[in-house]
Amino acid sequence: MSNSNEKIQEEILLSKRMFIGGCFGLPWLWICNALYFRLRVFGPLLLVDYWPGQRPPIVLDGEENDVDGGANDNNNNNNNDSSNPRRTMEQQLEYEMTRKQLSMWVKRSTIGAFVVMGLFVSWIITFQVNKESFGPKWFVMDETDATKTGW
């Protein structure tokens with residue numbers, strides 16, 4: 001269990017670092033974060049992970065294998081039947097808490113990516129529609145430079 005718990009904690013730390021990196025001016029990290037963890041947080045999406053008329057793929061988490069391992073321990077040790085349900089409830093609670101943490105950072109990254117992409121697209125549309133009113137200082141090349149270079 002400790003190995004899978006460490007793996008989940010590393011994934012949460014990675015997701016958190018990707019979100020913070022996006023806040024420091026690298027919003028493409030938000031997109032990478034949302035795409036990397038999308039199956040765990042948002043589940044399989046129609047037309048992305050499967051086509052209509054097909055079954056969605058089953059997403060397996062490492063924690064499900066640990067619950068099965070706990071059931072095997074229950075068969076081996078019949079004396080502690082009363083402590084095993086509590087242990088599995090604690091495992092389920094810990095699993096849900098870590099899943100919520102991962103979901104929190106991925107959803108924040110997704111919202112940030114949508115906001116930044118919306119601002120970027122609106123800037124492009126605004127500039128392209130009103131480029132005559134911005135003046136020559138906004139352009140990299142002047143109209144006279146275009147005749148010199150052939151571009």
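What you see is a predicted model, and the numbers here were worked out from it, not measured in a lab.

(A) Inspection of the nonpolar core at higher detail. Membership of the largest hydrophobic core is limited to 10 residues, which are Ile8, Ile12, Phe19, Trp30, Phe37, Val41, Leu102, Trp105, Val106 and Ala113. For this core, the secondary-structure elements that each account for two or more residues are helix 1 (2-23) and helix 5 (83-129). With sequence-adjacent residues up to four places away left out, Phe37 is seen in contact with Glu11, Leu14, Ser15, Leu102 and Val106.

(B) Expanded view of the environment of Thr126. Position of Thr126 among the secondary structure elements: in helix 5. Within the structure, Thr126 has its side chain in polar contact with the backbone oxygen of Ser122 (distance 2.7 Å).

(C) Representation of the environment of Leu35. By secondary structure assignment, the location of Leu35 is in helix 2 (residues 28-36). Measuring from C-alpha to C-alpha, the distance between Leu35 and Ser109 comes to 10.0 Å, with 74 residues separating the pair along the chain.

Rules and cut-offs
Residues numbered from 1 in each chain as written. Predicted model: local features only at pLDDT ≥ 70, side-chain atom pairs only at ≥ 80, totals over all residues. Heavy atoms only, no water. Core = buried A, V, L, I, M, F, W, Y, C linked by side-chain atoms within 4.5 Å. Buried < 20%, exposed > 50% of the residue type's maximum accessible area, 1.4 Å probe, protein only. Helix = DSSP H or I, 4+ residues; strand = E, 2+ residues; numbered from the N terminus. Contact = heavy atoms within 4.5 Å. Polar contact = N/O pair within 3.5 Å; in protein donor to acceptor, adjacent residues only side chain to side chain.

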